[in-house]
Amino acid sequence: MDCSFIAKSEKKTFGLDQFYNGSHNRVERGLEVSLVAVVDVETEVGYALLAEQTFDQGECPDLTRMDYYLHHLEITQPQLPPQIRYLAVDGAYAKEPFVSGVRRLKLDVISKLRRDANLRYVFEGEQKVRGAKRKYDGKVDLADPTRLAWVRELQSGVKLYTAIVWHVSLKRKIRLAYVLDHRKPNKPSYAVLFSTDINQSADEIYRFYKLRFQIEFIFRDAKQFTGLSDCQARDVKKLDFHFNASFTALNIAKLDTHRQQLSQQPFVFSMASVKRRALNDHLLDTFISKLGLSPTLIKSHPNYQNLRSYGVIAA
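Counting from 1, residues in each chain are numbered in the order their sequence is written. Predicted model: local features are reported for residues with pLDDT of at least 70 only, side-chain atom pairs are reported and counted for 80 or more only, and whole-chain, interface and lining totals are derived from all residues. Excluding hydrogens and water, the side-chain values take into account all heavy atoms of the structure.

Asker: Please explain the overall build of the protein as it appears in this structure.
Answerer: Each helix corresponds to a stretch of at least 4 residues labelled H or I by DSSP, and each strand to a stretch of at least 2 residues labelled E; elements are numbered beginning at the N terminus. Of regular secondary structure, the protein possesses 8 helices and 12 strands. Across its three principal directions, the C-alpha atoms of the protein cover 95 × 50 × 40 Å. Partitioning the contacts of the protein with sequence separation of at least 6, the portion at a separation of at least 24 is 55%. Of the side-chain charges in the protein, 47 are positive and 36 negative, and the distance between the mean point of each set is 3 Å. By definition in these notes, contact holds between two residues if any of their heavy atoms fall within 4.5 Å. For the charge count, each Lys or Arg is scored as positive and each Asp or Glu as negative, with His and the chain ends excluded. By convention, charge coordinates are those of NZ in Lys, CZ in Arg, CG in Asp, or CD in Glu.

And the structure:
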């Protein structure tokens, strides 16, 4: 699940408000569309499921943005495949009201923590016979992974650690997937991923969070090729129809490309290639029609498919 900023110059469009624009790294006036997508973990391809426009705060001042996002997820959940257990979101959603709301929907959250997240090690030693039970074993220093459990080396210079810790703000135990990057010895860096499912492996948390970026590709392709940002309507219902129609067109293109794939190679989708192939088909049909050629003879020629794929890129 994620949101994307939609630029809008109108003054009377429904939902106009101040939203974060990731392209400019600042808050701007415009629209925001929230999207729930599903990702096939085998093909690593994402498909849009349901888009909802984020309302401006003036419509319902008592509701926060996280309330809107939770409502969006709640109305989408009946359409989710029953085997789905995890919701992958970026670090902006790692807030207690949202995480608790997702858990009430029987889903676990996979997300990213801030570098200054307030964490505590869980005490696992022997408890005293008398007095209150000891819960914590010190504060987690995210710059020092020595107390974390080493998992494996993801690649040369990149190591994965894990631990079950208590998150003070989220008010729950979480499973960490701590990624330490030593490829620049003078400037090591780290990222702290987590899951509310403490029994989930760090490897799976890392893998699923990487797959979260498929929703970024959905937003990119919808804006560049299926007109997500091009609607001139101002009414809420018309905007809703446009946003979902844009994502649906992208889904259909992906499904059509997947069905046409004949090789056993991993599935690679490029909307630019779909657009190029559609243009080539149109040009070839125009040539056949204008020159009075036989469609059956031309389309059965071994080089016809090469002409259809002229200018197509791999990804």
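There is more to say after this.
Asker: Help me out: how do you make sense of the nonpolar core in this one?
Answerer: The nonpolar side chains of soluble globular proteins are, as a tendency, buried together. Counting residues in hydrophobic clusters, the biggest one holds 61 residues, and the most contacted among them are Met-1, Phe-98, Leu-119 and Phe-247. Residues in contact with Phe-247, not counting those within four places in the same chain, are Val-33, Leu-35, Ala-48, Ala-51, Ile-218, Phe-219, Ala-222 and Leu-228. With 14 residues, the next largest nonpolar core counts Ile-110, Val-179, Tyr-206 and Phe-208 among its residues. Here, nonpolar core refers to any group of buried Ala, Val, Leu, Ile, Met, Phe, Trp, Tyr and Cys residues whose side-chain atoms link them within 4.5 Å. For each residue, the accessible area found with a 1.4 Å probe, counting protein chains only, is set against the maximum for its type, and the residue is called buried under 20%, exposed over 50%, and partly exposed in between.

Asker: Where do I start with the packing of helix α1 (residues 65–76) against helix α2 (residues 96–104) in this structure?
Answerer: Relative placement of two packed helices is described by the angle separating their axes and the distance separating the axes. At their nearest, the axes of α1 and α2 sit 9 Å apart, and the two run at 15° to each other. Viewed along their axes, α1 and α2 adopt a mutual orientation that is roughly parallel. For the element pair α1 and α2, the recorded crossing hand is right-handed. Contacts from Met-66, Tyr-69, Leu-70 and Leu-73 in α1 reach Pro-97, Phe-98, Gly-101 and Val-102 in α2. Its residues assigned to classes, the contact of α1 with α2 comprises 7 nonpolar, 1 polar and no charged. Only the stretch in contact is used when a helix axis is fitted, and all axes are lines through C-alpha atoms; the angle between N-to-C directions ranges over 0 to 180 degrees. An angle below 35 degrees is treated as roughly parallel, one above 145 as roughly antiparallel, one from 65 to 115 as roughly perpendicular, and anything else as oblique. Crossings are assigned a handedness: left-handed for a near helix turned anticlockwise from the far helix by less than a right angle, right-handed for a clockwise turn. Under the scheme applied, nonpolar residues are Ala, Val, Leu, Ile, Met, Phe, Trp, Tyr, Cys and Pro; charged residues are Asp, Glu, Lys and Arg; polar residues are all the others, including Gly.

Asker: I tried to follow unusual backbone geometry on my own but got confused; where do I start?
Answerer: Among all residues except glycine, the phi angle is most often negative; among peptide bonds, the trans geometry is most common. Here Asn-25, not a glycine, exhibits a phi torsion of approximately 55°, which is positive. Here Asn-25 falls in the exposed class, since its relative accessible area comes to 57%.

Asker: What is the right way to read the pattern of salt bridges from this model?
Answerer: Charged atoms that come close allow side chains of opposite charge to pair. Salt bridges are counted wherever a side-chain nitrogen of Lys or Arg sits within 4 Å of a carboxyl oxygen of Asp or Glu. Tallied over the full model, the rule gives 13 salt bridges. Residue Glu-28 is joined to Arg-26 by a salt bridge in which the shortest nitrogen-to-oxygen separation is 2.7 Å. Put simply, Asp-2, Arg-212 and Glu-216 are held in one network by salt bridges that share partners.

Asker: Explain the packing of helix α4 (residues 214–225) against helix α5 (residues 236–260) here, please?
Answerer: The interhelical angle for the contact between α4 and α5, taken along N-to-C directions, is 105°, at an axis separation of 10 Å. By the criterion of interaxial angle, the relationship of α4 to α5 is roughly perpendicular. Contacts between α4 and α5 involve Ile-218, Phe-219, Asp-221 and Ala-222 from the former and Ser-246, Phe-247, Leu-250 and Lys-254 from the latter. Grouping the amino acids of the contact of α4 with α5 by side-chain chemistry returns 5 nonpolar, 1 polar and 2 charged.

Asker: Mind showing me how you'd approach the packing of aromatic side chains here?
Answerer: Aromatic rings considered in pairs are described by the distance between their centres and by the relative angle of their planes. We call Phe, Tyr and Trp rings a pair once their centres come within 6.5 Å, taking the six-membered ring for Trp, and we label the pair stacked below 30 degrees between planes, edge-to-face above 60, and tilted otherwise. Going through the model one piece at a time under the given rule, you end up with 10 aromatic pairs. Aromatic pair Tyr-178 and Tyr-190: ring centres 5.3 Å apart, planes at 15°, arrangement stacked. Note that Tyr-178 is positioned in strand β11 (residues 172–181) and Tyr-190 in strand β12 (residues 189–195), a separation of 12 residues in sequence. Pairwise contacts between aromatic rings join Phe-14, Phe-55 and Tyr-68 into one cluster. For a Lys NZ or an Arg CZ to count as sitting over a ring, it must be within 6 Å of the ring centre and within 35 degrees of the ring normal. When the ring centre of Phe-213 is taken as reference, the NZ or CZ atom of Arg-212 above it lies at 4.6 Å.

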